[in-house]
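Fold and contact review
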Amino acid sequence: MPAIVDILGRAPEPRPEWLCAQEALRFDRDAFFKSRTVYYPGSGNDGQPVKFCALSRAAHSFVHVDQSVGWEALYDRLVDPEQGFRGYGLAHHEKVTRNDLRPGGWTPHISKDETWSANKFADHFVRPFAHFAVLERRDGDGSHGPRRLAFLFIGGDGIASYDALYCQEDGTPPPFLAVIRDSNGFGMNYGRFDRDGLLDRIARRTGVLPEFLLVADSSIPWAGYADTGADAEPGGSAAHPGRLYRRECLNNGR
């Protein structure tokens, strides 16, 4: 069977012009989200989707969301040559405000009655924050991955962040790939990410459906997605094997 990288690499993304700029990079919401993005709720410190998409050139921009990981811990990991993204160094980073991410506010597509209380995990939450970073290959060689990758990390809820970032009918494209891995950490979100969970419900209510899902064996793929046939590969904090799924309407050419 093919590898996940092989499947993703069948339609690589051209390098985004804004990410190639030589001048100092700043976060530009429109430019960032017009590129293909990979969305990873409850990401912890897992970099597997970045590895897959960098090697395949399938995407250059990544959104990781986790309310149990603070910026200091994340920064230490990004600048560590062993624990960070292998082969990449931190070229730029900046704090991002709520208004930068969602100018004018946003309208939730779930009610309070649908969310379960996460108060019992409150001691594990970080103060909400967002940071943007640009990673650059240390060796300058693009043969093992793009010269630059863009990385947006949000210390917040993975379901509410998807709603606010992608589902506000402002022309923001859906994620190219979303990671569905309910096993990471404590699962300290409003609900589950997998089939019939809150993330799935929001995506369907708004029609904001990723092209691909990377689904751990601890989670159930969303309806309407078919296994691509790629070999499963372990990932996440619990090393659960993940399989790659694609929207069936795309497989059928519709």
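The rules we used
Residues numbered from 1 in each chain as written. Predicted model: local features only at pLDDT ≥ 70, side-chain atom pairs only at ≥ 80, totals over all residues. Heavy atoms only, no water. Helix = DSSP H or I, 4+ residues; strand = E, 2+ residues; numbered from the N terminus. Buried < 20%, exposed > 50% of the residue type's maximum accessible area, 1.4 Å probe, protein only. Pairing = 2+ DSSP bridges. Phe/Tyr/Trp six-rings, centres within 6.5 Å; stacked < 30°, edge-to-face > 60°. 1 Å grid on protein atoms, 1.4 Å probe; cavity = no way out; pocket = protein on both sides within 12 Å on 5 of 7 lines; lining within 4 Å. Points joined across faces, edges and corners; volume = space filled by probe spheres on them. Nonpolar A, V, L, I, M, F, W, Y, C, P; charged D, E, K, R; others polar. Salt bridge = Lys/Arg side-chain N within 4 Å of Asp/Glu carboxyl O.

Moving on, we come to unusual backbone geometry. Positive phi is not limited to glycine here, since E169 has a value of about 55 degrees. Summarising the element assignment, E169 is placed in the loop between α7 (158–166) and β6 (177–180). A relative accessible area of 80% places E169 in the exposed class. The phi angle at D196 is positive, at roughly 70 degrees, despite the residue not being glycine.

Judged by how many residues are buried, strand β4 (residues 129–137) sits mostly within the fold: 8 of 9 residues are covered. Judged from the 7 bridges that link them, strand β3 (residues 88–95) and β4 form a sheet pairing that is antiparallel. In the strand pairing of β4, H93 is matched with A133.

For the rest of this paragraph, the subject is the packing of aromatic side chains. For the structure on display, the rule yields 14 aromatic pairs. Relative to Y166, the ring of F33 lies with its centre 5.5 Å away and its plane at 90 degrees, an arrangement referred to as edge-to-face. With F33 in helix α3 (residues 29–34) and Y166 in helix α7, the pair connects residues that are 133 residues apart, well separated along the chain. Across the pair, exposure class does not vary: F33 and Y166 are buried alike. One aromatic cluster is present, formed by W18, F27, F32, F33, Y39, F132, Y162 and Y166 through successive ring pairs.

Let's shift gears to empty space enclosed by the protein. Leftover empty space is mapped by rolling, across the atoms, a probe with the size of a water molecule. Counted under the stated rule, the structure contains 1 cavity of 30 Å³ or more. Its boundaries defined by the atoms lining it, the largest cavity holds a volume of some 50 Å³. Around the largest cavity sit R15, P16, L19, C20, H60, P146, R147 and R148, which together line it. Along the lines of polarity and charge, the residues of the lining of the largest cavity split into 4 nonpolar, 1 polar and 3 charged.

We now examine the pattern of salt bridges. Inspection of every chain in the model, using the stated rule, returns 11 salt bridges. Across the salt bridge formed by E136 and R147, the nearest N and O atoms sit 3.6 Å from each other. Here E136 is found in strand β4, whereas its partner R147 is found in the loop between β4 and β5 (148–155), with 11 residues between them in sequence. With a relative accessible area of 24%, E136 lands in the partly exposed category. For D200, the salt bridge identified is with R204, shortest N-O distance 2.6 Å. Taken as a pair, D200 and R204 lie in helix α8 (residues 198–206) at a separation of 4 residues, close to a single helical turn. The exposure class assigned to D200 is buried, which follows from its relative accessible area of 2%. Residue R204 is classed as partly exposed on the basis of its relative accessible area, which comes to 37%. Through salt bridges with shared partners, a single network forms among R29, R102 and D170.

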